[in-house]
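Commentary on secondary and tertiary structure
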Amino acid sequence: MKRYFDLFFAISGCLLILPFLLILALFVRVFQGSPIFYFQLRPGQNGKPFRMYKFRTMTNARDLAGNLLPDRERLTSFGRFLRSTSLDEFPALLNVLKGDMSLVGPRPLLMEYLPLYSSEQNRRHEVRPGMTGWAQVNGRNAINWEEKFRLDVWYVDHHSIWLDIQILAITTLHVFLRKGINHSAKETMPFFDGSGSNDR
């Protein structure tokens, strides 16, 4: 049922907002340059890697040694706007259509985090990752990693179509009203380096 739910709303959403997506892609091209999309391998259900799509929010600026500058220095003002409104996430609807992701689920993080999770934290991969999730509507980047993973695992144990509908409704409210966005929070989460108390 969850897969049919995802397909119905992903297809409907794509058809409804296609003109808006084309305009948004044009703005990304003007303010961010090429490429318009950002691609990165992320772990999906059971840790299986997939290619995730997003609108690009950072430049490829490098230092004199050729190393990428820190995220904060590469994040443009327009990219910051895309992130704060979650508009950069819209291309992930393609991942939902392909079956890599769900509309709702734990957010897909970096592949290099996989060996750092505790056995409990790793349970976040028992379901498909989502465009939004329980942790996103309960703090987003304003909460620490331990709390984020606790919320992810709670979702794994309690997920249902009704809960997904509630999370999507709250996410929509946050996006349109900018409600629940903590502007003092970090624009990007710090790198997760594991926890000394974790059971590897």
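Structural data are supplied above this passage.
What comes next is a walk through the structure. (Residues numbered from 1 in each chain as written. Predicted model: local features only at pLDDT ≥ 70, side-chain atom pairs only at ≥ 80, totals over all residues. Heavy atoms only, no water.)

1. Quick look at the overall build of the protein chain
A count of helical and extended segments in the protein chain gives six helices and four strands. Against the 2.2 N^0.38 benchmark of 16 Å for 200 residues, the protein chain shows a C-alpha radius of gyration of 17 Å, consistent with a compact globule. Over its C-alpha atoms, taken along the principal directions, the protein chain stretches across nearly 45 × 45 × 30 Å. Burial analysis of the protein chain (200 residues in total) assigns 44% to the buried set. A sequence separation of at least 24 residues applies to 70% of the contacts in the protein chain between residues at least 6 apart. On the protein chain, roughly 11100 Å² of surface is accessible, and the fraction owed to carbon and sulfur atoms is 62%. (Helix = DSSP H or I, 4+ residues; strand = E, 2+ residues; numbered from the N terminus. Rg over C-alpha atoms; globule rule 2.2 N^0.38 Å. Buried < 20%, exposed > 50% of the residue type's maximum accessible area, 1.4 Å probe, protein only. Contact = heavy atoms within 4.5 Å. Areas by Shrake-Rupley, 256 points an atom, 1.4 Å probe, with all protein chains shown as cover.)

2. Topic: a nonpolar patch on the surface
Together, Ile 23, Leu 26, Phe 27, Val 30 and Phe 31 make up a nonpolar patch on the protein surface, roughly 510 Å² of accessible area in all. Inspection of the secondary structure puts Val 30 in helix α1 (residues 2–32). Since its relative accessible area comes to 59%, Val 30 is described here as exposed. (Patch = residues over 30% accessible without salt bridge, like charges linked within 9 Å, V, L, I, M, F, W, Y side chains within 5 Å. Salt bridge = Lys/Arg side-chain N within 4 Å of Asp/Glu carboxyl O.)

3. Considerations on the packing of α1 against helix α3 (residues 77–84)
Taken N-terminus to C-terminus, the directions of α1 and α3 make an angle of 145°; their axes are 9 Å apart at the nearest point. Seen from α1, the contacting residues are Leu 24, Phe 27, Val 28, Phe 31 and Gln 32; seen from α3, they are Phe 78, Gly 79 and Leu 82. Counted by class, the contact of α1 with α3 contains six nonpolar, two polar and no charged residues. (Axes fitted to C-alpha atoms, helices over the stretch in contact; angles between N-to-C directions. Nonpolar A, V, L, I, M, F, W, Y, C, P; charged D, E, K, R; others polar.)

4. A few points about the pairing of strand β2 (residues 49–55)
Across the seven residues of β2, five count as buried, placing the element largely inside the fold. Following strand β1 (residues 37–43), the chain reverses through five residues before pairing antiparallel with β2; Asn 46 in that reversal takes a positive phi of roughly 60°. (Pairing = 2+ DSSP bridges.)

5. Some thoughts on the nonpolar core
Within the largest apolar cluster, 18 residues are counted, with the highest numbers of intra-cluster contacts made by Leu 93, Val 96, Met 101, Leu 103, Met 131, Tyr 155 and Ile 167. Of all the elements in the fold, those that place two or more residues in this core are α1, β2, α4 (93–98), β3 (102–104), α5 (145–158) and α6 (161–177). Considering every element that reaches this core, the biggest residue donor is α1, with three residues. Once you skip the residues sitting within four places of it in the chain, Met 131 turns out to touch Glu 89, Phe 90, Ala 92, Leu 93, Val 96, Met 101, Ser 102, Leu 103 and Arg 107. (Core = buried A, V, L, I, M, F, W, Y, C linked by side-chain atoms within 4.5 Å.)

6. Quick look at the pattern of salt bridges
Side chains that differ in sign of charge can pair as their charged atoms come close. Tallied over the entire structure, the rule returns ten salt bridges. Two residues, Glu 120 and Arg 123, come together in a salt bridge whose shortest N-O distance is 3.8 Å. Given a relative accessible area of 45%, Glu 120 falls into the partly exposed group.

7. Quick look at α5
At 3.6 residues per turn, the α-helix brings residues three or four places apart onto the same side. The terminal C-alpha atoms of α5, which comprises 14 residues, lie 20 Å apart, in line with the 20 Å expected from a rise of 1.5 Å per residue. Burial in α5 covers these residues: Trp 145, Lys 148, Phe 149, Leu 151, Asp 152, Val 153, Tyr 155 and Val 156. Two or three places before Glu 146, at the opening of α5, Asn 144 has a side-chain oxygen 3.2 Å from that residue's backbone nitrogen. (Expected span 1.5 Å × (residues − 1). Polar contact = N/O pair within 3.5 Å; in protein donor to acceptor, adjacent residues only side chain to side chain.)

8. Structural notes on the environment of Leu 109
Within the fold, Leu 109 resides in the loop between β3 and β4 (130–132). When its relative accessible area of 12% is taken as the criterion, Leu 109 is described as buried. Along the primary structure Leu 109 and Ile 165 are separated by 56 residues, whereas in three dimensions their C-alpha atoms are 23 Å apart. Non-local contacts of Leu 109, meaning those with residues more than four positions away in its chain, are made with Arg 42, Pro 43, Tyr 117, Arg 124, Trp 145 and Phe 149.

9. Quick notes on the environment of Arg 74
Examined against the element boundaries, Arg 74 turns out to sit in helix α2 (residues 71–74). Every residue in contact with Arg 74, bar those within four places of it in the chain, is listed here: Thr 57, Met 58, Thr 59, Asn 60, Ala 61, Leu 68 and Leu 69.

10. A few points about the pairing of β1
Along any regular strand the residues' side chains alternate between the sheet's two faces. Looking at chain direction, β1 and β2 are connected through seven bridges and run antiparallel. Bridging across to β2, Arg 42 finds its partner in Phe 50.

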